[in-house]
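# Descriptive analysis of the structure
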Protein chains: 2
Amino acid sequence: MKISIIEDHTEFRHSLEFIIGSFSDFQLMSSVGSVEAYLQQPADAEVLLLDINLPGMSGLDALPLLKKRFPGLKVIMLTILDDDQHIMTAICRGADGYILKKSQPQKILDAVQQVYEGGAALTPLVARQVLAFFHKPVTHSPSQQEALTARELEILALITNGVNTEKIAANLFISPQTVRNHIKNIYAKLQVHSRAQAVSKALRENIV
Amino acid sequence: MKISIIEDHTEFRHSLEFIIGSFSDFQLMSSVGSVEAYLQQPADAEVLLLDINLPGMSGLDALPLLKKRFPGLKVIMLTILDDDQHIMTAICRGADGYILKKSQPQKILDAVQQVYEGGAALTPLVARQVLAFFHKPVTHSPSQQEALTARELEILALITNGVNTEKIAANLFISPQTVRNHIKNIYAKLQVHSRAQAVSKALRENIV
DNA sequence: CCGAAAATGACCCAAACAGGCTATTGTCCG
DNA sequence: CGGACAATAGCCTGTTTGGGTCATTTTCGG
C-alpha cells in the first residue's frame, strides 16, 4: 500500500512518517510540506494524507486538482479543525476521509486501511455532522406548516420539475382549473406566493 | 450506558445480548423481537440497536416514531443489507448509526460507544455511500451547460429565493427591464423556460 | 349516516411573466 | 484599435399566473 503525505507542520509530519514506517504493509512514497512540492515530484501513491491548512495552495483547493490528475488516488483530509464548512467542502470536492490530527495514531492507520479497501474514513464526530445535513431539514420541516395531501404533493412534485399548469392537468387527467385550485391550497400551506418560492421550499425542505 | 435491542432473529439477538452483557459499562434494558413489543414496555434506554427487517412495523418506519417518542434516544440501525436506498432512508429519518450485522462484535460495541459520545457510527462502506451523495452531483454539473456570469448568478440566487422581477431590480439598483434581460440569458444558458425550472435546476445542481 | 375534508370544476381580473427585437455603454483582450 | 462580451435599458405582445369567490362530488372517520 503506497502512501504519500502533504503536511507542513514538520514535527507532525515526522510523526506520521514514523507511524507509517512502523508497518511493513505501508510503503511511504513521498512526504512533503506543500502541494506545490508534491506536484513537482509526484509519486504514484494509492492513499494521500492531505493537510487542510497549508502554505500556498490549501488542501481543500488542491483536492479536486489532485483527484483529477491522479484518478483513483484516495485522499484523507487531516486537520485540526472539525469545522462544519470545511468538512462539507472537503466532501463535496471528493475527499475519501476526514480525520482529526488529534486522533490516536491507530485511528489514522485504520483510516488509511479503510479507504484502501474502498470505504470512507470519517471520525464519529465528523460523521455526525455529515448526517446532520440529511436529517436536519427533514426533522424541522414537518413541524411548522400544515401537511400537504397526496394530490397536493403530486402536483408540487410536478411544479418542482418545472411543468406548467396546462401540462400538469394533462398529466393527471384533470382540468387546469382544478390544478390551479390545488396550487392555491399548496401556496397557502407552504406560505408562499409563487411557483419559484414553492419549488425552493419543496427542494430545500425535502418535501418532494 | 443503557441499551435496548429490537431484533427478530432470536439467535442473533442472543449474541448481541451476550456481547453487551460481557461489559459492565453497558446495561441491557430491554431486548425484544418487534417494534410493537418494544412500545408496550418501553425502556428508558440511551442507545437502541434496531434491526431494519422486522415482522410487523419495519425498523425504518419505526425510526421516526421512536425518535419522536423518545427524544435523545440514539438509534443504530443493524442490518444485513448495505443497500443504498435503505441507508439514505435511515439517515434521513434520523439514524445515528448504520452498521452491518456481519461486523465484528467489537465494531458493534465501538459503534454504541461512539453514538453515546455524540458521534455517528457508520461502517466505512456505508460512509462511502453517504459521501457519494455529496460529490456525485458536484462533479457532473459544471460540465455541460455554459457558465453564468457573476451578475447572472446573483440574479439566479434571488430568483431561487422567490423574489420577483420588481424586487430584484430594486435590490440591485437596476431597471426591471435589465433584470428581465438577465433572466432571459439565464434561461438560455440553463436551457429552461420558467422561473420554477430555473430554481429547480439551480438547487439540484448546486449552482447557487 | 352524517359531517368534515379532499378533489373536482368554473368564472373573473389584475399582475407577472416569457420571448421577440433593438440599442448604448463599458471593459478587457488580442 | 477593434471585436467580443457583459451590463445596462427600452418596447411590444401574447400567455401564464395568483388571488378572489362559488359549487359539486367523493371519500373517509366517528
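This next bit is on the confidence of the model for chain A. Residues and elements named next belong to chain A. When pLDDT is averaged along chain A, the result is 88, and 94% of the positions lie at 70 or above. Of all secondary-structure elements in chain A, the lowest mean pLDDT belongs to helix α6 (residues 124–144), at 69, while strand β3 (residues 47–51) reaches the highest, 95. Low pLDDT, under 50, characterises residues 137–143; the predicted model gives this stretch 8 contacts beyond four residues in sequence or across chains.

The next thing to look at is the protein's contact with DNA strand C. Not every one of the 15 residues close to DNA strand C is listed here, only the nearest: A:Thr149, A:Arg151, A:Ser175, A:Gln177 and B:Lys184. Atoms of DNA strand C within 4 Å of the protein belong to the sugar or the phosphate in 59% of instances, the rest to bases. Between DNA strand C and A:Ser175 there is a distance of 2.5 Å, counted from a phosphate oxygen to a backbone nitrogen or oxygen. Contact distances for DNA strand C include 3.0 Å between a base nitrogen and a side-chain N or O atom of A:Gln177. Within the residue set of the surface near DNA strand C, elements represented by two or more residues are α9 (176–190) of chain A together with α9 (176–190) of chain B. Of all the elements, α9(A) adds the most residues to the surface near DNA strand C, at 4 residues. When the residues that make up the surface near DNA strand C are grouped by side-chain class, the tally is 2 nonpolar, 10 polar and 3 charged.

It is worth spelling out the domain arrangement of chain A at this point. Here chain A is described as being made up of domain 1 (2–135) and domain 2 (142–204). Just the C-alpha atoms count here: the centres of domain 1 of chain A and domain 2 of chain A sit 45 Å apart.

Side-chain pairs of opposite charge can arise whenever the charged atoms involved come near each other. For the structure on display, the rule yields 18 salt bridges over all chains. With a shortest N-O distance of 2.9 Å, B:Asp96 and A:Arg128 are connected by a salt bridge. Of the two residues, B:Asp96 sits in the loop between α4 (84–92) and β5 (97–100) while A:Arg128 sits in helix α6, which places them in two different chains. Each member of the pair, B:Asp96 together with A:Arg128, is buried. Of the charged contacts in the structure, one is a salt bridge between B:Asp96 and B:Lys67, with a shortest N-O distance of 2.7 Å. On the criterion of sequence distance, the pair formed by B:Asp96 in the loop between α4 and β5 and B:Lys67 in helix α3 (residues 59–69) is long-range, its members being 29 residues apart. Using a relative accessible area of 2% as the deciding quantity, one classes B:Asp96 as buried. With relative accessibility at 22%, the residue B:Lys67 sits in the partly exposed group. Put simply, A:Glu7, A:Asp51 and A:Lys101 are held in one network by salt bridges that share partners.

As a further point, take the interface of chain A and chain B. Between chain A and chain B, the contact holds 34 residues from the first and 35 residues from the second. For the pairing of chain A and chain B, the buried interface totals around 2,900 Å² over both sides, and the portion due to carbon and sulfur atoms is 65%. Contact with chain B buries area across many residues of chain A, yet A:Arg128, A:Leu131 and A:Phe134 alone supply 21% of it, more than any other trio. For the pair chain A and chain B, the number of links is 2 salt bridges. For the side of chain A that touches chain B, the elements supplying multiple residues, two or more each, are α4 (84–92), α6, α7 (150–160) and α10 (195–204) of chain A. When residues in the side of chain A that touches chain B are grouped by element, the largest group, 10 residues, is from α6(A). Partitioned by chemical class, the residues of the side of chain A that touches chain B number 18 nonpolar, 11 polar and 5 charged.

Rules behind the numbers
Residues numbered from 1 in each chain as written. Chains lettered and ligands numbered in written order. Predicted model: local features only at pLDDT ≥ 70, side-chain atom pairs only at ≥ 80, totals over all residues. Heavy atoms only, no water. pLDDT = per-residue confidence, 0-100. Helix = DSSP H or I, 4+ residues; strand = E, 2+ residues; numbered from the N terminus. Contact = heavy atoms within 4.5 Å. Near = heavy atom within 4 Å. Polar contact = N/O pair within 3.5 Å; in protein donor to acceptor, adjacent residues only side chain to side chain. Nonpolar A, V, L, I, M, F, W, Y, C, P; charged D, E, K, R; others polar. Domains from an automatic or database assignment. Salt bridge = Lys/Arg side-chain N within 4 Å of Asp/Glu carboxyl O. Buried < 20%, exposed > 50% of the residue type's maximum accessible area, 1.4 Å probe, protein only. Buried area = accessible area lost by both parts, 1.4 Å probe.

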